Structure formats: structure tokens, C-alpha cells
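# Residue-level structural notes
The lines below spell out each chain.
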Amino acid sequence: MKKIRIIIAGGGPVGVVAALACAQRGYAVTLLEAESTIDDNPRAATTHPSTLEMIARVGLIDQFIQEGLVARFFQFWDKPARAQIVEFDHDTLRDETPYPFVVQTEQHKLARMGIERLRTFADAKVRFATRVTGVTQDANGATVTAEGPDGKESFRGDYVIGADGGRSTVRKALDIEFEGFTWPERFLVLTTLDDFQELLTGCCYRNYLADPDEWTNLFKVAGDDGKGRWRAVFPTRVEESDEEALGDESTYSRLQRVFPLGRRYNVVHRNLYKVHQRVAATFRQGRVFLAGDSAHVNNSVGGLGLNGGIHDAMELVDTLHQVITGQAGEELFDRYTRRRRTLNIEFVQEQTIINKKRLEERDPKARQARFDELRAIAEDRGKHTEFLLRTSLIASVRKAQSME
Ligand SMILES: Cc1cc2nc3c(=O)[nH]c(=O)nc-3n(C[C@H](O)[C@H](O)[C@H](O)COP(=O)(O)OP(=O)(O)OC[C@H]3O[C@@H](n4cnc5c(N)ncnc54)[C@H](O)[C@@H]3O)c2cc1C
């Protein structure tokens, strides 16, 4: 009997996890990645407990933890006062998950380890430098057209997963609306080898610094050499040009405002991102599905975007498997949109907008009220746990199970 083939557009972390989960279910997969190598620009690292459970399901958890940093705590700070407001402890989730901590592992490491594992499956094809240009479908399958090193090609499969990022060609080919808005400011990400744990006394691996003038997210990653480095994320001024934001004056003075070092920070990477809150109108059209950033994008405060994308991948592969094996009819495909779109809006879009507003609040009274609210949550064991169940997306996974 002919094996079911699933074509995945995009070899980012979501496409790779989806491809691996499909291969492990026994399906033939073709993974098409536009670039010739894995993108190793600094983006996601924060991986929440619910997502760690999924990474365990695809068999990568030991390597994932080994190549990252375990972050049990996260903190909120009042940046102008350089004072810690509150600390949250994931260990309060120890009865809720086998992974009561966050792991900070850079997303390119997940893509790399996933592709290495994928290559152990005889029916998994991984093609770099192959840019998907379009997709068509009929009653029997779907055809993906692409531009590869040898020119135009086409790939025939039973189903297609568009995991080709925020500017998704697959989403555009299906003419699916990307509803939402774009923030006027951009986010600047600076990577430094200077150790904030030695500078900002008491800080941990994940710190959110509220500031009415210029908030900062400060977190530590292992780096490819395992020696550790810090990423600091800042908003730009709305009128600031890209050149200005990425220039020496902007980068060094921004880091000095986090902590005045008395010399220049050792900055090893600078990057600037446009920031959107957008969700696709549907995550499915016939045999073609969207997952990850092609289906939804959000600001990075709280580290939820990729986590949500991996949740999509796992839900989608489970759904495909149920339909393909005849445990359910094709109408189950619509549950994928119902669950993942609704939960993205409720847990990722809403939460990241709240997170950003909390950091940038300008009104002194409202600012104080937000700090007081966080303190009250942290001090009450039940509320502390409830808060973390939400921020770690465990509550989202539980809600999915109750959604038909
Ligand atoms: C500064 C920053 C920090 C972040 N921090 C976090 C965090 O801590 N935690 C978190 O959960 N999220 C975070 N995010 C979000 C996270 O980076 C994204 O959600 C994540 O990259 C989505 O993965 P993806 O595989 O869907 O898309 P992508 O990573 O964008 O991958 C898409 C892939 O598809 C390829 N592609 C594009 N077009 C085509 C085509 N036509 N044909 C074939 N291939 C194509 C691309 O080359 C790319 O490799 C952050 C984002 C930013 C910008």
C-alpha cells in the first residue's frame, strides 16, 4: 500500500518538529527549506514546561536540556529603581508537570537536532535551498511547487503543512487573511558576553525589567560554545531609524541604562525585528494546514510564540493521524483550527499584549498597581501556581483537551 506523504514547507523549529512527529508516526515526509542552512539568528530560547513535554514526546528532551540552561525562576524588576519586584518559581508546578522549569535553548539548536533525528528515517527527505512558491490541491492530494538549486520543481503529497514563517508563501497562496496589527516600534535584540548575574545583583536567567521610558527583557542562553551569553531586548523609539537603533551609540547606551558598566559592553550580535500581533483567519484549507508563525505572530515578551507553534505541530500531527488511520472523519480537521486558533488568541495574543503593557506602563499609579498585583500573586501559593499554569501554557493544553 502506498505510504501517506506529508510535505512540510519551512525547516524552522515548527516545521522540523512537525516533520519529526510525522516520521515517528510512520509517514513519509518531505521537508522543504528555502535557505541553504538553518537560520541561527537569536530568536526564541524560552521553552515552557508544556512544550518540554512535547519535545520529550519526539524524543529530543535530553539533548534539548543538555544544550540549554535550566531556568527555574523568572523575575520582574523596576528598571529605573534597579530593584527586583517579584520572583516566580516554576517548582510550584512540580505536581502538574514532569518539567517544573523553563529551558532556555536557542531555537536553531532544536531545528538542528530535529533534522539530525529526521535523517535517521528512510522515508524522510530534507531539502535545503528549496523555496516553496505555491500549492494546489485536488480530491486526491496536494502539489507544492518550489524553486530549487536546479530550477523549478514540484512535489506531490497527501497533505501539506505550511510552517514557512510569518511571511508564509503557503498562507498567501491559500489567500488566508492574517488578521491583527503591527506595533509602531520595533524590538532590538543585543547579545553580550558580559555577565549580568555579576552586575544586576540577584537577577536570574529570565528577567523582565519594567520602565516607562524603555523596558528591557534580559535573559541568558548557553550559546553554541556553551559558555553562556546574555540577550537584552529593547523597544526602539517609534521614529528611530533602523541604522540609528543598530548603531554603536544606541546599543551601548541602552545596555548602560540597564547597568552602568563604566566601560563598553562586549556586544557580539545586534538584530532588529518588526513586531506583530496577527492570527490567520483559518489554519486549514482542505489538505493544507498552517502551523507556527505562518498561522500566528506575537511580540516576544513572555516567550510564547514558538511554544505555541510547537503546540500547533503536535496537535496537527495527532489530528492527521486520527483521520488517516480512520479513527475519525475529515471533519476532525476543523477542530485543529478551532482549538489552535482559539487558544492562540486566548493564551498567546492576549498574554503577550498584557505582558508588554505591564512593562511599558507610564502612569505611576497604574504602574504601582501592576507591581502590587504581581506581588499579591507571587505571595499566595495557589495564585502563584495558577499564574504559572497560564504562563507555561499548561492551562492551554488542558483547555484544548476539553474543546470539541
Ligand atoms: C527576538 C525574538 C525573540 C523570541 N523569543 C521567543 C521565546 O523566547 N519563546 C518563544 O516561544 N518564541 C519566541 N519568539 C518567536 C519565535 O522566534 C517564532 O515563533 C519561531 O521562530 C516560529 O518558528 P517557525 O518554525 O514557525 O517559523 P520560523 O522560525 O520563521 O521558520 C520558518 C522557516 O521557513 C523557511 N521559509 C520561509 N519561506 C519559505 C518558503 N517559501 N519555502 C520554504 N521555506 C521557507 C524560513 O527560511 C525558515 O527557516 C521570538 C521571536 C523573536 C523575533
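It should be noted that the structure appears before, not after, this text.
Each value, and the rule that gives it
- Starting from 1, residues in each chain are numbered consecutively following that chain's sequence as written.
- Since the coordinates come from a predicted model, pLDDT governs what is reported: local features require at least 70, and pairs of side-chain atoms require 80 or more to be given and counted, while whole-chain, interface and lining totals use all residues.
- Note that the side-chain values use all heavy atoms of the structure and ignore hydrogens as well as water.
- Classification of ring pairs uses Phe, Tyr and Trp, with its six-membered ring standing for Trp, and accepts pairs whose centres are within 6.5 Å; under 30 degrees between planes counts as stacked, over 60 as edge-to-face, and the remaining range as tilted.
- Three exposure classes are used, based on accessible area relative to the maximum for each residue type with a 1.4 Å probe and protein chains only: buried under 20%, partly exposed in between, and exposed over 50%.
- Here a helix means four or more residues in a row that DSSP labels H or I, a strand means two or more in a row labelled E, and each is numbered from the N terminus.
- At least two bridges found by DSSP between two strands are what make those strands a pair.
- In these notes, residues near a molecule or strand are those with any non-hydrogen atom within 4 Å of it.
- Each polar contact in these results corresponds to two N or O atoms within 3.5 Å; when the atoms are within protein, one needs to be able to donate a hydrogen and the other to accept it, and residues that are neighboring in sequence are counted only if both atoms are side-chain atoms.
- Residue-level accessible areas treat just the shown protein chains as cover; the underlying method is Shrake-Rupley with a 1.4 Å probe.

Between two aromatic rings, the relevant description is the distance of the centres plus the angle of the planes. Across all of its chains, the model carries 15 aromatic pairs by this definition. Relative to Phe-101, the ring of Tyr-99 has its centre 6.2 Å away and its plane inclined at 80 degrees; by these criteria the two rings are edge-to-face. Neither Tyr-99 nor Phe-101 differs from the other in exposure class; each is buried. Each ring, one from Phe-289 and one from Tyr-336, has its centre 6.1 Å from the other, and the planes form 75 degrees; the classification is edge-to-face. One end of the pair, Phe-289, is in strand E19 (residues 288-290); the other, Tyr-336, is in helix H10 (residues 333-360), with 47 residues separating them in the sequence. Each of the two residues, Phe-289 as well as Tyr-336, counts as buried.

This next bit is on the sheet that holds strand E3 (residues 46-47). Pairing in this open sheet of three strands is antiparallel, and the strands run E3-E7-E4 from one edge to the other. Both edges of this open sheet fall to E3 and strand E4 (69-71), since each of them pairs with a single strand only. Across two bridges, E3 lies against strand E7 (residues 102-104) in antiparallel orientation. Paired with Thr-47 across the two strands is Val-103, which belongs to E7.

Once that is clear, we can look at the site of the ligand. Around the ligand, 31 residues are found, and the nearest of them are Glu-33, Gln-107, Asp-293, Leu-306 and Asn-307. In the model, an oxygen atom of the ligand is placed 3.2 Å from a nitrogen or oxygen of the Thr-46 main chain. Isolated, the ligand exposes 1000 Å² of accessible area, and the fraction of that covered by the protein chains is 90%. Of all elements in the fold, only helix H1 (13-24), strand E9 (131-138) and helix H9 (305-324) reach the threshold of two or more residues within the shell around the ligand.

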